[in-house]
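# Examining the three-dimensional arrangement
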Amino acid sequence: MTQDELKVMVAKAALDYIPKNAVLGVGSGSTVMKFIEQIGISKAKVAKAVSSSNKTTEALKSVGVQVVDPNEVEPYEVYIDGADEVDPNFNMIKGGGACLTREKILTSMASKFICIVDKSKLVQTLGKFPLPVEIIPMAREQVARTLKELGGNPVLREGCITDNGCEILDVHGLNITDPVALEQKINQIPGVVTVGLFASKGADIVLYATEDGVKVLKRN
Ligand code: 5RP
């Protein structure tokens, strides 16, 4: 089975988590794109959605889902999104698609984060996938120096400007044994908009696709 087929499998499984008559938070990335495709194919009813990227917004509209400004909705129940890595404690690295800030905003508004991945995203320790950090461009060099002091090797993501007009540093070489502490530390560096560690608020449910079907992990 290809990784693409696994993504379709988990995207279909996520349809069961769409709330009835309530706002749905929708993340970004190729797995989420498959989820949106499945909304279109299955004609699943989505009352309205808040979106984590311009690309997601376009895709949702193309399958007939009404997208509203997060400022116009109250905190809601379900947010569905992918991840670049997930550890056994439901901590995640996100931001491979450069949408981490809006993803974190929508996560903060949701009571349940449903993470949809294929099995390749499950890891014992976060950090093999370079950690994305969204930054204000004028702070690039100073943020990079501080990230080096924390043991990482930050690399500017060439040609990438986020939906918020910012840049991304991808931090290589980290072995993240205390994700909550590192998330807090990096968030405090002046010029950092968001770090792609989702640990102080991680996933609540992880759906991961394997050749034997979609497995479900739930936080206790
Ligand atoms: C985008 C993200 C994505 O969820 C993450 O990169 C996973 O993407 P994909 O489903 O394409 O593997 O955080 O900012």
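Along each chain, numbering runs from 1 in the same order as the chain's sequence is written. Local features in this predicted model are restricted to residues whose pLDDT is 70 or higher, and side-chain atom pairs enter the listing and the counts only when it is 80 or higher, whereas totals over whole chains, interfaces and linings include all residues. With hydrogens and water excluded, all non-hydrogen atoms of the structure serve as input to the side-chain values.

Formally: UniProt positions are given in the numbering used here, feature names are shortened, and annotations may be inferred rather than shown by experiment.
As annotated in an unreviewed UniProt entry, the chain carries the name Ribose-5-phosphate isomerase A and is attributed to Succinivibrio faecicola. The UniProt entry for the chain carries the following comment under Subunit (unreviewed entry): "Homodimer."

## Describing the sheet that holds strand 10 (residues 192-195)
The condition that has to hold: Strands qualify as paired when DSSP identifies two bridges or more between them. Every helix listed is a DSSP run of H or I at least four residues long, and every strand listed is a run of E at least two residues long, numbered separately from the N terminus. With axes taken as lines fitted to C-alpha atoms, and helix axes fitted only over the stretch in contact, angles between N-to-C directions fall between 0 and 180 degrees. By the convention used here, residues are in contact when the closest approach between their heavy atoms is within 4.5 Å.
The antiparallel open sheet is built from four strands, whose spatial order is 8-9-7-10. If you trace the sheet from one side to the other, it starts and ends with strand 8 (153-156) and strand 10, each paired once. For this sheet, the mean inter-axis angle between neighbouring strands, taken without regard to orientation, is 30°. Relative to strand 9 (residues 167-172), strand 8 is paired through four bridges, and the arrangement is antiparallel. Residue pairing in the sheet places Val155 in a bridge with Asp170 of strand 9. Together, strand 7 (131-135) and strand 10 form the strand contacts of helix 6 (residues 179-187), whose direction differs from that of strand 10 by roughly 165°.

## Overview of the side chain of Lys7
Heads up, the rule is: Residue exposure (1.4 Å probe, protein chains only): buried if accessible area is under 20% of the type maximum, exposed if over 50%, otherwise partly exposed. Counting rule applied: Lys, Arg positive; Asp, Glu negative; His and chain ends not counted. Each reported salt bridge corresponds to a side-chain nitrogen of Lys or Arg within 4 Å of a carboxyl oxygen of Asp or Glu.
Take Lys7: it is sitting in helix 1 (residues 3-14). Buried within the structure, Lys7 lacks any salt-bridge partner; its nearest side chain of opposite charge belongs to Asp118, at an N-O separation of 4.9 Å. Not counting chain neighbours up to four residues away, the residues in contact with Lys7 comprise Ser30, Thr31, Lys34 and Asp118.

## Thoughts on the pattern of salt bridges
Considering all chains together, one arrives at nine salt bridges under this definition. The residue Asp81 makes a salt bridge to Lys94 at a minimum N-O spacing of 2.9 Å. Residue Asp81 is found in strand 3 (residues 76-81), and its partner Lys94 is found in the loop between strand 5 (92-93) and helix 4 (100-109); the two are separated by 13 residues along the sequence. Residue class for Asp81 comes out buried when judged on its relative accessible area of 0%. With a relative accessible area of 2%, Lys94 lands in the buried category. A salt bridge links Arg140 to Glu167, with the nearest nitrogen and oxygen atoms 2.7 Å apart.

## What to know about the site of the ligand
For the record, the criterion: Near residues are defined by distance, with any heavy atom within 4 Å of the molecule or strand qualifying the residue. In protein, a polar contact means a hydrogen-donor-capable atom and an acceptor-capable atom, both N or O and within 3.5 Å, with residues adjacent in sequence counting only if both atoms are side-chain atoms; elsewhere, any N or O pair within 3.5 Å suffices. The accessible surface values rely on the Shrake-Rupley method and a 1.4 Å probe; as for residues, cover is taken only from the protein chains in view. In this analysis, the protein atoms alone were mapped onto a 1 Å grid. Cavities are point sets where a 1.4 Å probe fits without being able to get out; pockets are open sets with protein on both sides within 12 Å along at least five of seven lines; lining residues have an atom within 4 Å of a point. Think of it this way: if more than half of a molecule's atoms are within 2 Å of a pocket's grid points, that molecule is in the pocket or cavity. Amino acid classes used here: Ala, Val, Leu, Ile, Met, Phe, Trp, Tyr, Cys and Pro are nonpolar; Asp, Glu, Lys and Arg are charged; the rest, including Gly, are polar.
Neighbouring the ligand are 17 residues, the closest being Ser30, Thr31, Asp84, Gly95 and Lys121. In this structure, an oxygen atom belonging to the ligand sits 3.4 Å away from a side-chain N or O atom of Asp81. Between the ligand and Lys94, the relevant distance is 2.9 Å, taken from an oxygen atom to a side-chain nitrogen or oxygen of the residue. In the complex, the protein chains occlude 91% of the 380 Å² of accessible area that the ligand would expose alone. Assessed atom by atom at 2 Å from the grid points, the ligand resides in the largest pocket. Grouping the amino acids of the shell around the ligand by side-chain chemistry returns three nonpolar, eight polar and six charged.

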